[in-house]
Amino acid sequence: MALVVQKYGGTSVGNLDKIANVAKKVIRTKEEGNDVVVVLSAMSGETDRLIQLAQKAADEPDPREYDALISTGEQVTVTLLAIMLNGMGCPAKSFLGFQVRVHTDQAFKKARILDVDTEAIRAELKKGIVVVVAGFQGIDPENNITTLGRGGSDTSAVALAAALKADVCDIYTDVDGVYTTDPNICSNARRLDRITYDEMLEMARAGAKVLQPRSVELAKKFNVPVYVKSSFTDEGGTLVTREEKEMEKEVVSGVTYDRDQAKITVIHVPDRPGVAARLFMPLSEKNILVDMIIQNASIQGHTDLTFTVSRKDIREATRIISEVVRDVGAEKLEVDDNVAKVSIIGVGMISHSGVAARMFDTLAREGINIMMISTSEIKVSCVVEAKYTELAVTVLHDAFGLGKEP
Ligand code: ASP
Ligand code: MG
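Residues numbered from 1 in each chain as written. Chains lettered and ligands numbered in written order. Predicted model: local features only at pLDDT ≥ 70, side-chain atom pairs only at ≥ 80, totals over all residues. Heavy atoms only, no water.

## A few points about the sheet that holds strand β11 (residues 226–230)
Here is step 1 of the chain: The strand order β3-β6-β2-β1-β9-β11-β12-β10 describes an open sheet built from eight strands, whose pairing is mixed. Each of the sheet's edge strands pairs with one partner strand only, and the pair in question is β3 (92–95) and β10 (194–196). Across the sheet, the mean angle separating the axes of adjacent strands is 20 degrees when strand polarity is ignored. (Pairing = 2+ DSSP bridges. Helix = DSSP H or I, 4+ residues; strand = E, 2+ residues; numbered from the N terminus. Axes fitted to C-alpha atoms, helices over the stretch in contact; angles between N-to-C directions.)

Dropping the structure here:
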């Protein structure tokens, strides 16, 4: 008998028929003799709808109320599933974040889970009850409802699996696993049977939408085996796991892209100690994540500094940086949100040289200009003009031999 955490995404619970399909899968898992904890997202589109409502209600919605509002989509799905399971003769009980007590910090809209209480859930499991937990939400030290950032129910699932020491965490979604790239762009993309936590993390950070990056960080930290599977077929699946010797070390295992990028350039910044800190401290205080940063060589004591942020942060970032531009005596600020980030990822890069060069050469052959570059041990990312996204992904996928054999 195992303890299984199953998470179903928005498309898997998009309507009553789909929730009934989830109920059947849950019952099957239960009948195989497992304890089952289910974590759900809101119905697809629902969180977007709630966010739009909040934005119509006020220009800058109060963050506490905003989180309390946008977390409600999950309350609908968990209760519906529990109602259905009970109706089908399978005892089940729904829990919201505050009922489990999923403790988070106070960063509304992107709270981090600090700790998860397990007593309440364990007590139900002991009685043979299926526990259905609302993903994406938690509670801060002052009992305010918090949300975990878009896609956060993946993180809820992995955090619960870690806290409960579950045997496995299944993430059910509308694709049957993790692919070498987006199959909507490259029809010959291949499903990977396994991928390491580190590769998955880089892929998620570089824009692959399958898993929220934070969920992969947690899975790695607590060594939770995560299976990405389709809720509509039993075939396929990708296991996200730690690196094992027998895993073939592909030089490049995937190509990802991220259109949620905007580039800010601060022009003619005085080049002296403390200026970068002056620019980036206020952004971090507002929880704005800066992704890539480049600073040009200094000419006559001045330099240009370029960095990228998520498009949704562009207004706030521009406002903050405009003030700093004045304070530090920089010349001006330029914003370009017509960019995308394309990345190649693979653990084999550590032991192979020339991988980045091949990427640059491949892009150059198509006349694609690279505006920014960043690398890690297992990743190379380039910022390019947004209109080249598909082309860049396709040629890189081919150049690194990732497609299926024809
Ligand atoms: N419903 C939330 C969202 O749309 C959380 C999730 O789906 O994981 O972002
Ligand atoms: Mg998701």
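From this point, the narrative continues.
## Structural notes on the nonpolar core
Nonpolar side chains in soluble globular proteins generally cluster together in the buried interior.
Here is step 1 of the chain: The biggest cluster of nonpolar side chains holds 44 residues, and the ones touching the most others in it are V37, I121, V133, C169, M200, L211 and V226.
Here is step 2 of the chain: Not counting residues within four places of it along the chain, the set of residues in contact with I121 comprises V37, V100, V131, V133, L160 and L164.
Here is step 3 of the chain: Counting residues in hydrophobic clusters, the runner-up holds 23 residues, among them Y8, I19, L81 and A92. (Core = buried A, V, L, I, M, F, W, Y, C linked by side-chain atoms within 4.5 Å. Buried < 20%, exposed > 50% of the residue type's maximum accessible area, 1.4 Å probe, protein only. Contact = heavy atoms within 4.5 Å.)

## A few points about the site of ligand 1
Here is step 1 of the chain: In the vicinity of ligand 1, the residues found are S41, A42, T47, E74, F136, R150, G151, G152 and S153.
Here is step 2 of the chain: One of the side-chain N or O atoms of R150 is found 2.8 Å from an oxygen atom in ligand 1.
Here is step 3 of the chain: G151 is positioned with one of its backbone polar atoms (N or O) 2.9 Å from an oxygen atom of ligand 1.
Here is step 4 of the chain: Here ligand 1 has 260 Å² of accessible area as a free molecule, and 87% of this is covered by the chains.
Here is step 5 of the chain: Grouping the constituent residues of the shell around ligand 1 by class yields two nonpolar, five polar and two charged. (Near = heavy atom within 4 Å. Polar contact = N/O pair within 3.5 Å; in protein donor to acceptor, adjacent residues only side chain to side chain. Areas by Shrake-Rupley, 256 points an atom, 1.4 Å probe, with all protein chains shown as cover. Nonpolar A, V, L, I, M, F, W, Y, C, P; charged D, E, K, R; others polar.)

## Some remarks on helix α6 (residues 119–126)
Here is step 1 of the chain: Taken together, the buried positions of α6 are I121, E124 and L125. Axial view of α6: buried residues confined to an arc of 100 degrees, hence all on one face. Exposed and oriented more than 90 degrees from the buried face of α6 are E119 and K126.
Here is step 2 of the chain: Just downstream of α6 lies G128, where phi reads positive at about 80 degrees. (Arc of directions from axis to C-beta.)

## Considerations on unusual backbone geometry
Here is step 1 of the chain: Backbone geometry places H268, a non-glycine residue, at a positive phi of 60 degrees.
Here is step 2 of the chain: Within the element layout of this structure, H268 appears in strand β13 (residues 254–270).
Here is step 3 of the chain: Positioned with a positive phi, Q300 is a non-glycine residue whose angle comes to about 45 degrees.
Here is step 4 of the chain: Here Q300 shows up in the loop between β14 (290–295) and β15 (302–309).

## Here's the deal with the side chain of T238
Here is step 1 of the chain: Within the secondary structure, T238 is located in strand β12 (residues 238–241).
Here is step 2 of the chain: From its side chain, T238 meets the backbone nitrogen of V178 in a polar contact 2.8 Å long.
Here is step 3 of the chain: Setting aside residues up to four positions removed in sequence, T238 forms contacts with D176, G177, V178, R191, L192, D193, R194, I195, V226, Y227 and V228.

## Focus on the pairing of β15
Here is step 1 of the chain: Buried residues dominate β15, accounting for six of its eight residues.
Here is step 2 of the chain: Sheet topology note: the β13/β15 ladder contains seven bridges and is antiparallel. What sits directly across from V266, in β15, is L305.
Here is step 3 of the chain: Bridge count for β14 against β15 is four bridges, and the pairing is antiparallel. Paired with Q295 across the strands is L305, a residue of β15.

## Description of the side chain of D170
Here is step 1 of the chain: Mapped onto the fold, D170 is located in strand β9 (residues 168–173).
Here is step 2 of the chain: The exposure class of D170 is buried, given its relative accessible area of 5%.
Here is step 3 of the chain: In terms of polar contacts, D170 uses its side chain to reach the side chain of K229, at 3.5 Å.

## Overview of the pattern of salt bridges
Here is step 1 of the chain: The full count for this structure, using the stated rule, is 22 salt bridges.
Here is step 2 of the chain: R191 is the salt-bridge partner of D193, the closest N and O atoms lying 3.3 Å from each other.
Here is step 3 of the chain: Of the residues examined, R191 reaches a relative accessible area of 27% and is grouped as partly exposed.
Here is step 4 of the chain: One salt bridge connects K332 with E334, and the closest N-O pair in it is separated by 3.7 Å.
Here is step 5 of the chain: On the accessibility criterion, K332 (38% relative accessible area) is partly exposed. (Salt bridge = Lys/Arg side-chain N within 4 Å of Asp/Glu carboxyl O.)

## Things to note about the packing of helix α7 (residues 153–163) against helix α9 (residues 213–222)
Here is step 1 of the chain: At a minimum axis separation of 8 Å, α7 and α9 run at an interaxial angle of 15 degrees. What the angle tells us is that α7 and α9 run roughly parallel. Like other packed secondary-structure pairs, α7 and α9 cross with a definite hand, here left-handed. Facing D154, T155, V158, A159 and A162 of α7, the residues of α9 in contact are R214, S215, L218, A219 and F222. (Parallel < 35°, antiparallel > 145°, perpendicular 65-115°, else oblique. Left-handed = near helix turned anticlockwise from the far one by under 90°.)

## Things to note about the sheet that holds strand β18 (residues 379–385)
Here is step 1 of the chain: Strand order in the open sheet formed by six strands is β14-β15-β13-β16-β18-β17, with antiparallel pairing between adjacent strands. On the outer flanks of this sheet lie β14 and β17 (372–376), each paired with one strand and no other. Looking at each pair of strands side by side, their axes are set apart by 30 degrees on average, direction ignored.
Here is step 2 of the chain: Against the sheet, helix α10 (residues 275–285) contacts β13, β14 and β15, and its axis sits at roughly 20 degrees relative to β15.
Here is step 3 of the chain: Running at roughly 120 degrees to β13, helix α13 (residues 389–399) makes contact with β13, β16 (332–345) and β18 of the sheet.

## Comments concerning helix α11 (residues 314–328)
Here is step 1 of the chain: Under the 1.5 Å per step criterion, the end-to-end length of α11 is 20 Å for 15 residues, consistent within 8% with the ideal 21 Å.
Here is step 2 of the chain: Within the span of α11, buried status applies to I314, A317, I320, I321, V324, V325 and V328. The arc enclosing the buried residues of α11, seen along the axis, measures out at 145 degrees, which places them on a common side. Looking at α11, the residues exposed on the side facing more than 90 degrees away from the buried face are R315, R326 and D327.
Here is step 3 of the chain: Lining the buried residues of α11 we find β13, α10, β15 and β16.
Here is step 4 of the chain: Residue G329 follows α11 closely and has a positive phi angle near 75 degrees. (Expected span 1.5 Å × (residues − 1).)

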